[in-house]
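Structural features, examined
So the chains spell out like this:
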Amino acid sequence: METPLFSALMQHVKSNPLSLHVPGHKNGTVFMKEAEQIYKGILPFDVTELTGLDDLHDPKEAIAKAQQLAAVLYNVQSTYFLVNGSTVGNLAMILACCNEGDEVLVQRNSHKSIINGIYLAGARPIFLSPKVDEMYQVPSYVELETVKEAIECYPMAKALILTNPNYYGLSIDLTEMIKFAHSFHIPVLVDEAHGAHYIAGGQFPVSSIEAGADIVVHSAHKSLPAMTMGSYLHLNSELVDKEKLHFYLSLLQSSSPSYPIMASLDLARAYLENIMKEEKLPEILKSIEMVEQQINSMEEIEIVHSIDKLVSTDPLKMTIRSRNNVTGFELQDFFESQSIYAELADPTKLLFMLPLHDTTSITNKLKAINKGVPNPSRPIHAKQHIRMEDSQTNSIQPLEVSYSYLKVCEKKVVAFEEAVGFYSAESIIPYPPGIPFLMMGEKVTANLIIQLKNLMKSGVKIQGDNHIQQGRITIYMKSR
């Protein structure tokens, strides 16, 4: 399997080069003794833009070839390697499509990087509320009728931004949404961070690339064997300015990109390509079924399955919950006591992220669990970990005031109850999954404060300043 960037790095390392360039560890010859043994295998590959190793910001050789091979595999016009995670891809695609004051349609349960991109662009977000999955009790997808209504109300929108799948692996086929948006010449940008492997087919959901999206961002490191922060951005559009996209990628990405990360993206593409060419997927999926059987054999636990007929669930995402009201956090504690670490816990569930690989070792580890799930120590409420909209809230909600206006407003930290009626000057983000519960610029309501308190009581980790933990929030001092 061809791996041009990794091969170029290997050739360079084998030449026994003398480093008179950055970085300062000089191919690993200068390093802390305590850590030499740990890092010595990777440091010779941690180089800079040397002859034969190409330049991410102006690729013509090995990086260009590696990106081209990825584009061929994903069947797109261009693929760009990202070394700052999917965050930088989300920012760049929004800035490439949206300017100050532009209306943009955006799924409400988007990652914080999507919201940040809209903020940086100075665009006006029109939020589309997603459907809540009945079994998972988490926001899932925006319904087709909501998208159609939003586009008809805002036909001059500069982009439709969707998140598919959600963090729990719930996905829908976006083909009809994308066709409708394209009939209004609106590009569709998809944060498909968790779906880099979908093109392998089989039981995996339909990739938004196949559905016709204009830009798709993949966190390769989430489901493929790439290093953390290694991601792809795929462009497949006549509606997006390629030069503008390239400009923002170059503007936002590090001028000293990590060669180990980029090489791992080259290898991850080859890994996926090999699975497809060698038809290894059925064997992988069969081994995942063995994990499911082992989980189902544990009397206190069950696997959660969506009953929504439009939803496809990624087999690599396995969500479990207790049959006797043990919280997701208590399940997390139980499995960690057995040295099994999950991807995410919430008040009611635990999410396992399985590898795109034979999972026999996982099944064996589960079989070796030497104690039962403990009894619950605190009550759980099925909906306390998701934002429940006020009853009068429409599924299509523009931000009431512009980001540009809020930028000039004074801020003040106040108690939760004093914030009601004002606009939040910070985003309150449960993490994972990194989806804002309350976004900067949203009006604080009494109902949201109640929900926020319940979130905090449930044990959800919230990113933000310490004053959140003290029952205080930053608001814009704009009149009610």
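Refer to the structure printed above.
Description of the structure in this document. Quick caveat: nothing in here was measured; it's all calculated off a predicted structure. (Residues numbered from 1 in each chain as written. Predicted model: local features only at pLDDT ≥ 70, side-chain atom pairs only at ≥ 80, totals over all residues. Heavy atoms only, no water.)

1. Observations concerning a nonpolar patch on the surface
There is a patch of nonpolar side chains on the surface, built from Phe-31, Met-32, Ile-38, Tyr-39, Ile-42 and Met-227 and spanning about 580 Å² of accessible area. Mapped onto the elements, Met-227 comes out in the loop between helix H8 (220-223) and strand E8 (231-235). Classification of Met-227 by relative accessible area gives partly exposed; the value is 36%. (Patch = residues over 30% accessible without salt bridge, like charges linked within 9 Å, V, L, I, M, F, W, Y side chains within 5 Å. Areas by Shrake-Rupley, 256 points an atom, 1.4 Å probe, with all protein chains shown as cover. Salt bridge = Lys/Arg side-chain N within 4 Å of Asp/Glu carboxyl O. Helix = DSSP H or I, 4+ residues; strand = E, 2+ residues; numbered from the N terminus. Buried < 20%, exposed > 50% of the residue type's maximum accessible area, 1.4 Å probe, protein only.)

2. Here we look at the sheet that holds strand E9 (residues 301-303)
Read from one edge of the open sheet, four strands run E9-E11-E13-E12, paired in antiparallel fashion. Only two strands of the sheet have a single partner each, and these edge strands are E9 and strand E12 (344-345). Here E12 pairs with strand E13 (residues 350-353) via two bridges, running antiparallel. Considered in E13, the bridge of Ala-345 is made with Leu-350. Together, E9, strand E11 (317-322) and E13 form the strand contacts of helix H11 (residues 281-296), whose direction differs from that of E11 by roughly 5 degrees. Its contacts with the sheet put helix H12 (residues 328-337) on E9, E11, E12 and E13, and the angle it makes with E13 is roughly 50 degrees. (Pairing = 2+ DSSP bridges. Contact = heavy atoms within 4.5 Å. Axes fitted to C-alpha atoms, helices over the stretch in contact; angles between N-to-C directions.)

3. Remarks on a negative patch on the surface
The grouping of Glu-143, Glu-145, Glu-149 and Glu-152 at the surface amounts to a negative patch. By secondary structure assignment, the location of Glu-145 is in helix H6 (residues 144-153). (Lys, Arg positive; Asp, Glu negative; His and termini not counted. Charge placed at Lys NZ, Arg CZ, Asp CG, Glu CD.)

4. Focus on the environment of Met-440
With respect to the element layout, Met-440 can be found in the loop between strand E17 (429-430) and helix H15 (446-458). In this structure the C-alpha to C-alpha distance between Met-440 and Gln-253, which are 187 residues apart in sequence, comes to 25 Å. With near-sequence residues (within four places) excluded, Met-440 lies in contact with Tyr-119, Tyr-403, Ser-424, Ala-425, Glu-426, Ser-427 and Tyr-476.

5. Side note on the nonpolar core
Among the nonpolar cores identified, the biggest contains 114 residues, and Tyr-74, Ile-295, Phe-335 and Ile-473 are the most heavily contacted of them. Counting residues per element, this core draws most heavily on helix H10 (residues 259-277), at eight residues. (Core = buried A, V, L, I, M, F, W, Y, C linked by side-chain atoms within 4.5 Å.)

6. Observations concerning helix H5 (residues 112-121)
Those residues of H5 that sit buried are Ser-113, Ile-114, Ile-115, Gly-117, Ile-118 and Ala-121. On the buried face of H5, the contacting elements are helix H4 (85-97), strand E2 (103-107), strand E3 (124-128), strand E4 (160-163), strand E6 (188-191) and helix H14 (403-406). Where H5 ends, the next residue or the one after it, Gly-122, has phi of about 75 degrees, a positive value.

7. Quick look at the sheet that holds strand E19 (residues 472-476)
Read across the open sheet, the three strands follow the order E15-E19-E16; overall the sheet is antiparallel. Two strands lie at the open edges of the sheet, namely strand E15 (411-415) and strand E16 (423-424), each paired on one side alone. Direction of pairing for E16 relative to E19: antiparallel, over a ladder of two bridges. Each residue of the ladder has a partner; that of Tyr-423, found in E19, is Tyr-476.

8. Quick notes on unusual backbone geometry
A cis amide bond, omega 0 degrees, links Val-22 with the succeeding residue Pro-23. In this structure, Pro-165 follows Asn-164 across a cis peptide bond, with omega equal to 5 degrees. Mapped onto the fold, Pro-165 is located in the loop between E4 and strand E5 (170-171). Not every positive phi belongs to a glycine, and Glu-279 is a case in point at roughly 55 degrees.

9. Focus on the packing of helix H1 (residues 4-14) against H10
Interhelical geometry of H1 versus H10 gives an angle of 130 degrees and a closest axis separation of 7 Å. Here H10 runs oblique to H1, going by the angle between their axes. Within the contact between the two elements, H1 uses Pro-4, Leu-5, Phe-6 and Leu-9 and H10 uses Tyr-259, Met-262, Ala-263, Asp-266, Leu-267 and Arg-269. Partitioning the contact of H1 with H10 into residue classes produces eight nonpolar, no polar and two charged. (Parallel < 35°, antiparallel > 145°, perpendicular 65-115°, else oblique. Nonpolar A, V, L, I, M, F, W, Y, C, P; charged D, E, K, R; others polar.)

10. Remarks on the pattern of salt bridges
For the structure shown, the criterion picks out 13 salt bridges. For Arg-124, the salt bridge goes to Glu-103, with nearest N and O atoms at 3.3 Å. A residue pair is termed long-range when its members are at least 10 positions apart, and Arg-124 in strand E3 and Glu-103 in strand E2 qualify at 21 residues. When the shortest N-O distance is used, the salt bridge between Arg-108 and Glu-442 registers 3.2 Å. You can see Arg-108 sitting in the loop between E2 and H5 and its partner Glu-442 sitting in the loop between E17 and H15, a full 334 residues away along the chain. Across this residue pair, the class does not change: Arg-108 and Glu-442 are buried.

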